[in-house]
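Coordinate inspection notes
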Amino acid sequence: MGKRKPKKSGKESTRTTATPKIDIISNLPDFLLFHILSFLPTRCAMATSVLARRWRHLWKDLLVLDLDNSEESPYYLSGGRHRFVAFVDSVFAQRTAAHVEKFCLTCEIPIDKRKSSTTWLRSVVGPHLKELYLDLSLHHHKGYGRVKLPQKVLTSTSLESLVLRGRMYLVVYEGFGWVRLPSLKNLELDLDCVDPNYVICSCRALENLKLTLREAFPTKSWETAELHMPRTLKRLTLIQADDTEEDLNDIQELVINTPLLEYLSITLWARCLQVSISDYPNMVEAHLDIDQDQEQIGWVLELFKALRQTKLLDLKLSTMECLLRASPFELPEFSRLVNLELEIPYFDSGFMIELLHNCNMLQVLTLHNREKVSTLELEEPNCWKLPMKDPDCVISHLKIFEFKGYQDSADEHAFVAYLLERGPILETMKIHADPSLGRKYKQRIHKELSRVPRSSKTCQLKVT
């Protein structure tokens, strides 16, 4: 008989080697912890003080303050506006850092605490402040009032990013000699009581501008509305607010001589009487939603031509209506265009083929037929005619085609079938039928298009 193996004692059988626990984060140097905490809202950063003794005072030395008490914020402080003011006061009272580099404040301030906001801003604005984000309004029992912004905000030599939203007002003197923001690269203005020119003209290094125009522009009824964009701009977003009770005054002069521009987005229906536009050889992305009277269509056409170097072009319905109402013109050649998105008042295959001939590198085409919402009396679209020569983009670059608001007219059907037949590298075709078409009709559309012979063996057809 073989020898039995001796049994291990209970202690030996359950004995395990303990792995020492290492707190990797707490062992990081202070400058890395400060960097990590700087991405958190101030309330979250303060909450880390209970983690360990070393964390107890870390947040007090942060150079970033992010205080958001909007109702949309997940860190909304319940208990009223006065409680939030007391919280912010306590934050400033406990801080030990000598200065602030980034300050974000979003809140409604009770009218009896209006001086608090001025005190906070005077505490943070200094030679080290680089980023300032303010979304403020003054609250009282009769409604909302405006917060006065301290003048030294607009004389900061270190400020690189400034965002002003909500109900604030700036006291700017004629000549605006005291406005000085030499280091500012990013500016966002969404105020209803300020003439943006007073601020923009003093930003000599500005690269990104986002400007929202409201009904109080210009601020003085006897002044003419003018907008002069700095030549240093690389990104420009110009928005006319859609919640204005009255239309904006006519913009007497709009100057966009910005040859370095890479991104452009304009949403505007106020009349622009005189517009100055340059070429944009560095343009990458452009979005236009512009509505003008017949007399002002010329500058929209000029802007359209100036965007011929862009890689992405998005034209909304109002812009397309302006272009289609203009006198006949020669379409520019979009030699670098890769992505084209159009909202059209009606479908015209002849216009589309002509446009595709001028977009040799196009890879993505998105159409949205909005014919039912158009109120213009436009000419009937031309019937389909097979092009004498296929557009280069169709036979060599087009990969994705999406058609929204498809109504299955003869012209639409022929154009879609043409792309299926002649697009050898087409990968995806999505057809979104008009909501008025029933489910059975959509199935019929899919069945008929599925019968069309495809040049691309990998093309996927989807009809919804």
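I will try to describe carefully the structure that is included in this document. (Residues numbered from 1 in each chain as written. Predicted model: local features only at pLDDT ≥ 70, side-chain atom pairs only at ≥ 80, totals over all residues. Heavy atoms only, no water.)

1. Points about the overall build of the chain
Stated precisely, the cut-off is as follows: What counts as a helix is a DSSP run of H or I of at least four residues, what counts as a strand is a run of E of at least two, and both are numbered from the N terminus. Buried residues are those whose accessible area, probed at 1.4 Å on protein chains only, stays under 20% of the maximum for their type, while exposed residues exceed 50% and partly exposed ones sit between those limits. Only heavy atoms matter for contacts: two residues are in contact if any of them lie within 4.5 Å across the pair. Exposure was quantified through the Shrake-Rupley algorithm and a 1.4 Å probe, taking into account, for residues, occlusion by the shown protein chains and nothing else.
In terms of helices and strands, the chain carries 12 helices and 21 strands. Considering the chain as a whole, with its 464 residues, one finds that 46% of them fall into the buried category. Excluding contacts between residues fewer than 6 apart, the proportion of contacts in the chain whose partners are at least 24 apart in sequence is 69%. Counting every atom, the chain has about 24900 Å² of accessible surface; 50% of that belongs to carbon and sulfur.

2. Considerations on the sheet that holds strand E10 (residues 225–228)
Two orientations exist for strands paired in a sheet by backbone hydrogen bonds: parallel and antiparallel. Counted only if it meets this: Two strands are said to pair when DSSP picks up at least two bridges between them. Here, axes are lines fitted to C-alpha atoms. For helices the fit covers the stretch in contact, and angles between N-to-C directions go from 0 to 180 degrees.
On the basis of which strands lie adjacent, the open sheet formed by 3 strands has the order E10-E12-E14 and parallel pairing. Only two strands of the sheet have a single partner each, and these edge strands are E10 and strand E14 (275–277). Strand after strand, the sheet turns through a mean of 5° between neighbouring axes, direction not considered. Where strand E12 (residues 251–256) and E14 come together, 3 bridges link them in parallel fashion. Note on E14: the bridge partner recorded for Ile256 is Ile277.

3. Comments concerning the packing of aromatic side chains
The condition that has to hold: Working definition: a ring pair exists when centres of Phe, Tyr or Trp rings (six-membered ring for Trp) sit within 6.5 Å. Plane angles under 30 degrees give stacked, over 60 give edge-to-face, the rest tilted. We call a charge positioned over a ring when the NZ of a Lys or the CZ of an Arg lies within 6 Å of the ring centre and within 35 degrees of the ring normal.
Going through the model one piece at a time under the given rule, you end up with 11 aromatic pairs. The structure contains a cluster of three or more aromatic residues connected by ring pairs, namely Phe347, Trp384, Phe401, Phe403, Tyr406, Phe415 and Tyr418. In this arrangement the basic side chain of Arg235 is found over the ring face of Tyr263, its NZ or CZ atom lying 4.0 Å from the centre.

4. Remarks on the packing of helix H7 (residues 297–306) against helix H8 (residues 317–325)
Angle between the axes and distance between the axes: these two values describe a pair of packed helices. Selection rule: Throughout this description, any angle smaller than 35 degrees is read as roughly parallel, any larger than 145 degrees as roughly antiparallel, any in the 65 to 115 degree range as roughly perpendicular, and the remainder as oblique. Three residue categories are used. Nonpolar comprises Ala, Val, Leu, Ile, Met, Phe, Trp, Tyr, Cys and Pro, charged comprises Asp, Glu, Lys and Arg, and polar comprises the others, including Gly.
Packing of H7 against H8 brings their axes to within 9 Å, and their N-to-C directions diverge by 105°. Relative to H8, the element H7 lies roughly perpendicular. Taking contact as the criterion, the partners of Ile297, Val300, Leu301 and Phe304 in H7 are, on H8, Thr319, Cys322, Leu323 and Arg325. Considering only residue class, the contact of H7 with H8 consists of 6 nonpolar, 1 polar and 1 charged.

5. Structural notes on the pattern of salt bridges
We apply this condition: Put simply, a salt bridge is a Lys or Arg side-chain nitrogen that is within 4 Å of an Asp or Glu carboxyl oxygen.
Within this structure, the stated rule accounts for 13 salt bridges. Here the residues in one salt-bridge network are Asp250, Arg271 and Asp293, joined through shared partners.

6. Some thoughts on unusual backbone geometry
Of note, the phi angle at Asp408 is positive, near 65°, even though the residue is not glycine. Mapped onto the elements, Asp408 comes out in the loop between strand E19 (400–406) and helix H11 (410–422).

None of the figures reported here should be taken as evidence of function without further support.
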